[in-house]
Amino acid sequence: MNSRTASFDELDRKIITALMANARTSFAEIGATVGLSATAVKRRVDRLRDTGVITGFTATVQPSALGWRTEAYVEVYCEGAAPPRRLAEVVRNHPEITAAMTVTGGADALLHVRARDVEHFEEVLERIRTEPFIRKTISVMVLSHLIPESPEAGASQPAPESAADVRRT
């Protein structure tokens, strides 16, 4: 968010809540709920997009339908202090990494990885480990989602056809 979001108010919160529940809700439906016209809701949504409060609209898809049948979280431990910018470069080279963040505690970063199967996950893990500044990784496989409607339970892209499709040269 930037400094232009100072006018964020309770109506904006209600609009955002409605869009988060269902991004396909019409401006007219939202307006009827929050007490504004469809045009006024559209103006507010446009402003919220312009100021970076709303960053996009997506579809949440069952990962297995897209070929992602294996999921894990990987703790990454680096030699020395790896700058977040360098870690970001690395994770962008692996389409199987669906989320990545620096964290407090023993690990330097936490990666959310999706793969076609365990063999594919192992190949992804080996590619991650080839980075010269990565000292070790610890992986935790996901068995099931306790909150199936959470964004983490969905997928944002199809699985690659083969490991060769995602290998960077």
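As a reminder, the structure under discussion sits directly above these lines.
Presented here is a report on the structure given in the accompanying data block. (Residues numbered from 1 in each chain as written. Predicted model: local features only at pLDDT ≥ 70, side-chain atom pairs only at ≥ 80, totals over all residues. Heavy atoms only, no water.)

Some words on helix α5 (residues 118-129)
Right, on to step 1. End to end, α5 covers 16 Å across 12 residues, agreeing with the expected 16 Å (1.5 Å per residue, within 8%).
Right, on to step 2. Measuring from the backbone nitrogen of glutamate 119 back to the side-chain oxygen at the start of α5 gives 3.2 Å, which picks out aspartate 117 as the cap. (Helix = DSSP H or I, 4+ residues; strand = E, 2+ residues; numbered from the N terminus. Expected span 1.5 Å × (residues − 1). Polar contact = N/O pair within 3.5 Å; in protein donor to acceptor, adjacent residues only side chain to side chain.)

Here we look at the nonpolar core
Right, on to step 1. Counting 19 residues, the largest nonpolar core has Val74, Val76, Leu111, Val113, Phe121 and Phe133 as its most contacted members.
Right, on to step 2. Residue assignment for this core shows that the elements contributing at least two residues are β1 (70-78), α4 (84-92), β3 (109-115) and α5.
Right, on to step 3. Discounting residues that sit within four places of it in the chain, valine 76 has contacts with Ala107, Asp108, Ala109, Leu111, Ile134, Lys136 and Thr137. (Core = buried A, V, L, I, M, F, W, Y, C linked by side-chain atoms within 4.5 Å. Buried < 20%, exposed > 50% of the residue type's maximum accessible area, 1.4 Å probe, protein only. Contact = heavy atoms within 4.5 Å.)

Observations regarding the layout of surface pockets
Right, on to step 1. What the largest pocket holds in volume is close to 930 Å³.
Right, on to step 2. In terms of lining residues, the largest pocket is bounded by 28 residues, among which Met20, Thr58, Ala59, Thr60 and Pro151 are the most central.
Right, on to step 3. Elements with a minimum of two residues in the lining of the largest pocket: α1 (10-21), β2 (97-102) and β3.
Right, on to step 4. Here the element with the most residues in the lining of the largest pocket is α1; it accounts for four residues.
Right, on to step 5. The class makeup of the residues in the lining of the largest pocket is 14 nonpolar, 10 polar and four charged. (1 Å grid on protein atoms, 1.4 Å probe; cavity = no way out; pocket = protein on both sides within 12 Å on 5 of 7 lines; lining within 4 Å. Points joined across faces, edges and corners; volume = space filled by probe spheres on them. Nonpolar A, V, L, I, M, F, W, Y, C, P; charged D, E, K, R; others polar.)

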